[in-house]
Amino acid sequence: MEQDLDKVILSKEQISERVRELGEIINQDYSDKQLFVIGILRGAAVFMADLIRQIDLPMELDFMAVSSYGISTKSSGVVRIVKDLDSTITDKDVLIVEDIVDSGLTLKYIVENLKSRKPASIRLCTLLDKPSRRVADVEVQYNGFIIPDEFVVGYGLDYGEKYRNLPYIGVLKPEVYSK
Ligand code: 5GP
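So, here is what we can say about the structure in this document. (Residues numbered from 1 in each chain as written. Predicted model: local features only at pLDDT ≥ 70, side-chain atom pairs only at ≥ 80, totals over all residues. Heavy atoms only, no water.)

**Examining the pattern of salt bridges**
- Evaluated as defined, the whole model comprises 19 salt bridges.
- Here E112 and K115 are joined by a salt bridge, their closest N and O atoms 3.9 Å apart. Here E112 and its partner K115 are both found in helix α3 (residues 105-115), 3 residues apart, which amounts to about one turn of the helix.
- Overall, the relative accessible area of 41% leaves E112 in the partly exposed class.
- Counted as one network, the salt bridges with shared partners bring together R42, D158, E161 and R164. (Salt bridge = Lys/Arg side-chain N within 4 Å of Asp/Glu carboxyl O. Helix = DSSP H or I, 4+ residues; strand = E, 2+ residues; numbered from the N terminus. Buried < 20%, exposed > 50% of the residue type's maximum accessible area, 1.4 Å probe, protein only.)

Encoded structure:
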């Protein structure tokens, strides 16, 4: 897998340090709240597993899966819920955990959908943010790293379902996805 990468942009150590910091901030912000964490499958699974172990508060956990890019590296803007929550979020303080916000279209759809279920609050936590690519207007309260407009893989992020298990985040060689 490593030979498909151009460069590593975030090391294992950088990621774990930042995840620890995010956990600390979330601990403070949610100390008097009813925390309900929603992980967006499949990309956020690795980040979420590490993040929740830095949160020292009672919390509930659930997952949602939405249709993603498939094999392409660009958002189609079409979002479909493939797996919905198993529990209700009414009156809960929802924290959505996502791997990366790119155009923002995916999160915009998810937030609008969840708002209609009347949670007490909704906030977003993303490991990575590419603000230069934003199309939809979404507010991200917890942001791991701002990255440039490059297609990245690793630490949960895939390309054609590969590379999710890399412990760091890197940029794929362009020839890998232009094939
Ligand atoms: P958005 O709707 O914000 O454009 O896209 C969000 C989703 O696109 C992410 O959850 C992720 O699945 C995918 N995505 C966006 N940029 C990247 C990237 O650089 N690498 C990978 N692997 N997926 C990305």
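There is more to say after this.
**Points about the environment of E150**
- Of note, E150 is situated in the loop between β7 (142-146) and β8 (152-153).
- With 99 residues separating them along the chain, E150 and L51 place their C-alpha atoms 24 Å apart.
- With near-sequence residues (within four places) excluded, E150 lies in contact with K7, K130 and V171.
- Within polar-contact distance, the side chain of E150 engages the side chain of K7 at 3.2 Å. (Contact = heavy atoms within 4.5 Å. Polar contact = N/O pair within 3.5 Å; in protein donor to acceptor, adjacent residues only side chain to side chain.)

**Brief notes about the layout of surface pockets**
- In this structure, the second largest pocket occupies an estimated 170 Å³ of space.
- Lining of the second largest pocket is provided by K108, V111, E112, K115, I122, R123, L124, D137, V138, E139 and Q141.
- Secondary-structure elements contributing two or more residues to the lining of the second largest pocket are α3 and β6 (121-129).
- Among the elements that line the lining of the second largest pocket, the one with the most residues is α3, at 4 residues.
- Of the residues assigned to the lining of the second largest pocket, the class counts are 4 nonpolar, 1 polar and 6 charged. (1 Å grid on protein atoms, 1.4 Å probe; cavity = no way out; pocket = protein on both sides within 12 Å on 5 of 7 lines; lining within 4 Å. Points joined across faces, edges and corners; volume = space filled by probe spheres on them. Nonpolar A, V, L, I, M, F, W, Y, C, P; charged D, E, K, R; others polar.)

**Regarding the packing of aromatic side chains**
- One pass over the structure, following the stated rule, counts 1 aromatic pair.
- When the centroid spacing of 5.8 Å and the interplanar angle of 85° are considered together, the rings of F151 and Y159 count as edge-to-face.
- What makes F151 buried here is its relative accessible area of 14%. (Phe/Tyr/Trp six-rings, centres within 6.5 Å; stacked < 30°, edge-to-face > 60°.)

**What to know about the site of the ligand**
- Neighbouring residues of the ligand: 17 residues in total, closest S103, G104, T106, V152 and D158.
- Residue G104 places a main-chain N or O atom 2.7 Å away from an oxygen atom belonging to the ligand.
- A distance of 2.8 Å separates an oxygen atom of the ligand from a polar atom in the side chain of K130.
- For the ligand, whose unbound accessible area comes to 500 Å², protein coverage reaches 93%.
- Mapped by element, the contributors of at least two residues to the shell around the ligand are β5 (93-101) and α3.
- If you tally residues by element for the shell around the ligand, the top one is β5, at 4 residues.
- The residue makeup of the shell around the ligand, split by class, is 7 nonpolar, 4 polar and 6 charged. (Near = heavy atom within 4 Å. Areas by Shrake-Rupley, 256 points an atom, 1.4 Å probe, with all protein chains shown as cover.)

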